[in-house]
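Observations on the three-dimensional arrangement
Listed below, chain by chain, are the residues.
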Amino acid sequence: MNMSQQRAAVRPRARGTERSVARRAELLAIGRKLFADTSYDALSMDDIARQAHVAKGLIYYYFQSKRGYYLAIIQDSVADLVTFAASGLELPAVDRVQRTVDSYLRFAEHHQAAYRTIVSGGVGFDTEVHAIRDGVREAIIDTIAEGAYGRSDIAPLARMGLLSWVCSVEGATLDWIDRPELSRDTMRDLLVKMLGGSLRAVAELDPSYPAPLPACRNA
């Protein structure tokens, strides 16, 4: 799946008139603020409508249900992260990695309830939430692979090395937003150093995927 497909997977194209698309986007922006630090179960549709200053029926009209509204909010929020990760191609690889990790941490910090939902997979086995999470993972892996190896179509061992790092980032970030004892800058630098270790491990097992010079200098 390329980056364009990943963006489409996490942010489906809105349909309707220009006015209805704008209204839907407005409701998503309102929802992002409401659910930023509040869990799905903590807000009823009546609460949402009252705090958003809209009729409850309007939310049902655009999103069919509370769950549909929440999933749309998550998709919209995550799509911004995926788009940002895919940009910055003009930057040196190290700067782009730091920028991507920093934006990831900012997303988790400012959308804590949504981040927990994405990483935990929702309630039970929620295939839609899992698809969103997998899209973010693939976007991050592609970004790192392109910076480290100059391409995103990498061998299974290299991909597994990067996936293992991404999964460790998810767990560490969950703990960090619960216990923010480290600054975001320190957290970012730690995760980037950990990535250097993963790239060196891949190179040791498969010399056809040498670690970039910055990762070697961090040894």
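Placed above this text is the structure.
Now for a quick tour of the structure. It should be emphasised that the depicted structure is a prediction, and the values quoted were computed from it without experimental measurement. (Residues numbered from 1 in each chain as written. Predicted model: local features only at pLDDT ≥ 70, side-chain atom pairs only at ≥ 80, totals over all residues. Heavy atoms only, no water.)

1. Side note on the overall build of the protein chain
Applied cut-off: Secondary structure elements follow DSSP: runs of H or I no shorter than four residues count as helices, runs of E no shorter than two count as strands, and numbering proceeds from the N terminus. Burial here depends on accessible area, computed with a 1.4 Å probe over protein chains only, as a share of the maximum for the residue type. Under 20% is buried, over 50% is exposed, and the range in between is partly exposed. In this description, contact between two residues means that some pair of their heavy atoms is separated by no more than 4.5 Å. Residue burial considers only the protein chains on display, and all accessible areas are found by Shrake-Rupley using a 1.4 Å probe.
Within the protein chain, the secondary structure is distributed over 11 helices and zero strands. Each helix and strand of the protein chain, placed in order from N terminus to C terminus, yields the pattern α-α-α-α-α-α-α-α-α-α-α. Taken across its 219 residues, the protein chain has 46% of its residues classed as buried. Long-range contacts, defined here as pairs at least 24 residues apart, represent 66% of the contacts in the protein chain between residues at least 6 apart. For the protein chain, the exposed area adds up to about 11300 Å²; of that, 55% sits on carbon and sulfur atoms.

2. Overview of the environment of I154
Tracing the backbone shows I154 in the loop between α8 (127-149) and α9 (156-178). Judged by relative accessible area, I154 falls into the buried class, the value being 14%. Put simply, I154 and I141 are 13 residues apart on the chain and 9.9 Å apart in space, counted from C-alpha to C-alpha. If near-sequence neighbours (up to four positions away) are discounted, I154 is found in contact with A145, Y149, R159, L162 and Y209.

3. Things to note about the nonpolar core
Note that soluble globular proteins tend to have their nonpolar side chains buried in a common cluster. To keep it simple, the criterion reads: Here, the term nonpolar core denotes a set of buried Ala, Val, Leu, Ile, Met, Phe, Trp, Tyr and Cys residues that are joined through side-chain atoms within 4.5 Å.
Of all hydrophobic cores here, the largest spans 64 residues; its most connected members are Y69 and Y149. Each residue touching Y149, except ones within four places of it in the same chain, is listed here: I154, A158, L199, V202, Y209 and P210.

4. Considering the packing of helix α2 (residues 18-34) against helix α4 (residues 56-63)
Stated formally: Every axis in this analysis is a line fitted to C-alpha atoms, fitted for helices over the stretch in contact. Angles between the N-to-C directions lie between 0 and 180 degrees. In what follows, roughly perpendicular refers to angles from 65 to 115 degrees, roughly parallel to angles under 35, roughly antiparallel to angles over 145, and oblique to any angle outside these ranges. In this scheme the handedness of a crossing depends on how the near helix is turned from the far one: anticlockwise by less than a right angle means left-handed, clockwise means right-handed. Any residue outside Ala, Val, Leu, Ile, Met, Phe, Trp, Tyr, Cys, Pro, Asp, Glu, Lys and Arg is labelled polar, Gly included; the first ten of those are nonpolar and the last four are charged.
Following both chains from N to C, one finds α2 and α4 inclined at 110°, their axes separated by 11 Å at the closest point. The orientation of α2 with respect to α4, classified from their angle, is roughly perpendicular. Of the two possible hands of crossing, α2 and α4 adopt the one that is left-handed. Residues S20, R23, R24, L27 and L28 of α2 lie in contact with α4, whose contacting residues are L58, Y62 and F63. Here the contact of α2 with α4 is built from residues that sort into five nonpolar, one polar and two charged.

5. A short note on the packing of helix α7 (residues 112-120) against α8
Remark: α7 packs on α8, axes separated minimally by 8 Å, with the N-to-C direction vectors making an angle of 100°. Taken together, the axis directions place α7 and α8 in an arrangement best described as roughly perpendicular. Seen from α7, the contacting residues are T117, I118 and V119; seen from α8, they are V129, I132 and R133. When its residues are assigned to classes, the contact of α7 with α8 shows four nonpolar, one polar and one charged.

6. As for the pattern of salt bridges
Note the following rule: In what follows, salt bridge is the name for a side-chain nitrogen of Lys or Arg lying within 4 Å of a carboxyl oxygen of Asp or Glu.
If you walk through the whole model with that rule in mind, you get 18 salt bridges. With a shortest N-O distance of 2.9 Å, K56 and D46 are connected by a salt bridge. With K56 in helix α4 and D46 in helix α3 (residues 45-52), the pair connects residues that are 10 residues apart, well separated along the chain. A relative accessible area of 43% means that D46 is categorised as partly exposed. By sharing partners, the salt bridges in this structure join D102, R106, E109, R184, D185, R188 and D189 into a single network.

7. What to know about unusual backbone geometry
What is expected of a backbone is that most residues other than glycine have negative phi and most peptide bonds are trans. In this model, H53 sits at a positive phi of 60°, which is unusual for a non-glycine residue. Residue classification places H53 among the exposed positions, given a relative accessible area of 72%. Positive phi, close to 70°, is recorded for Q64, a residue that is not glycine. Here Q64 is to be found in the loop between α4 and α5 (66-86).

8. What to know about the packing of aromatic side chains
Heads up, the rule is: What counts as a ring pair is set by centres within 6.5 Å for rings of Phe, Tyr and Trp (its six-membered ring), and what kind of pair is set by the plane angle: stacked under 30 degrees, edge-to-face over 60, tilted for all other angles.
Per the stated rule, a full pass over the model turns up five aromatic pairs. A centroid spacing of 5.0 Å and a plane angle of 85° characterise the contact between Y61 and Y62, whose relative ring orientation is edge-to-face. Looking at Y61, the relative accessible area reads 60%, which means it is exposed. With centroids separated by 4.8 Å and ring planes inclined at 45°, the aromatic side chains of F63 and Y69 adopt a geometry described as tilted. The residues F63 and Y69 share a single accessibility class, namely buried.

9. A few points about α9
Short version of the rule: In a helix, the anticipated span is given by 1.5 Å times the number of residues less one.
Helix length check: α9 (23 residues) gives 33 Å between terminal C-alpha atoms against 33 Å at 1.5 Å per residue, within 8%. If you follow the buried residues of α9, they end up packed against α6 (93-110), α7, α8 and α10 (184-205).

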